[in-house]
Amino acid sequence: ALRGHELGLAVACYTTGLALLPPEAVAAVPDGVAPEDEHALLRSVLFSNRASVFCRLKTWRSARADAQAAVEKKGDFVKARNRLGTALLACGQVEQAYVHFAHALKLESNNTAALKGRQACISILPLWRTLPARRRFRERFGVDLWRPKGTSKVNMSFWAFLLWPAPPLPILN
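Residues numbered from 1 in each chain as written. Predicted model: local features only at pLDDT ≥ 70, side-chain atom pairs only at ≥ 80, totals over all residues. Heavy atoms only, no water.

Per an unreviewed UniProt entry, the protein is named Protein STIP1 homolog, and its organism is Durusdinium trenchii.

This is the structure:
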């Protein structure tokens, strides 16, 4: 279905695949340590592939949720990390996206998707365009906005640059 660009059918197929898997075992020991899930990789692949379809549909919150589930099931699955990074980048959470792309590169140093994703994060971070960065900037430099002209070292044209609408974030496929 995915190769035929029938994205709705692909989501349905991945959802069906996840529903057909046996439920994860819950630990009956007092420590609460769950036994290792023998279907963890398959669960991770299905969540990751469904996240990929959601990315193509540009439903970023669903993509992020599925990619996070994929990483939770199998933390060393590089594609899941890349898809989570892509979804986070599209949601404007560049700092977290960078962390996941860097982790993917730690697992597989020559992964081109992780390299491109990390580079996209690096190119966005200095622009102060992410929500946490704007919040930090306003906390640090917002006080200077109300000071008399000439008493602050912050250039007001730079402040105006930050208030200008942000360009769209690059989307990785």
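Draft legend 1. Quick peek at a nonpolar patch on the surface. On the surface, a nonpolar cluster with roughly 300 Å² of combined accessible area is contributed by Tyr98, Val99, Ile122 and Leu125. Within the secondary structure, leucine 125 is located in the loop between helix H6 (112-124) and helix H7 (131-141). (Patch = residues over 30% accessible without salt bridge, like charges linked within 9 Å, V, L, I, M, F, W, Y side chains within 5 Å. Areas by Shrake-Rupley, 256 points an atom, 1.4 Å probe, with all protein chains shown as cover. Salt bridge = Lys/Arg side-chain N within 4 Å of Asp/Glu carboxyl O. Helix = DSSP H or I, 4+ residues; strand = E, 2+ residues; numbered from the N terminus.)

Draft legend 2. Expanded view of the side chain of asparagine 82. Position of asparagine 82 relative to the elements: it lies in helix H4 (residues 78-90). By relative accessible area, asparagine 82 is classed as buried at 8%. At a separation of 3.1 Å, a polar atom in the side chain of asparagine 82 contacts the side chain of asparagine 111. Setting aside its immediate chain neighbours within four residues, asparagine 82 contacts Phe101, Ala104, Asn111, Ala113 and Ala114. (Buried < 20%, exposed > 50% of the residue type's maximum accessible area, 1.4 Å probe, protein only. Polar contact = N/O pair within 3.5 Å; in protein donor to acceptor, adjacent residues only side chain to side chain. Contact = heavy atoms within 4.5 Å.)

Draft legend 3. Quick peek at the pattern of salt bridges. Enumeration over the complete set of coordinates arrives at 2 salt bridges. Between aspartate 66 and arginine 50 there is a salt bridge, with its nearest N and O atoms 2.5 Å apart. Pair noted here: aspartate 66 is in helix H3 (residues 60-73) and arginine 50 is in helix H2 (residues 40-56), with a separation of 16 residues, a long-range link. For arginine 50, a relative accessible area of 13% translates into the label buried. Salt-bridge contacts for lysine 74 lead to aspartate 76; the nearest nitrogen and oxygen are separated by 3.9 Å. For aspartate 76, a relative accessible area of 46% translates into the label partly exposed.

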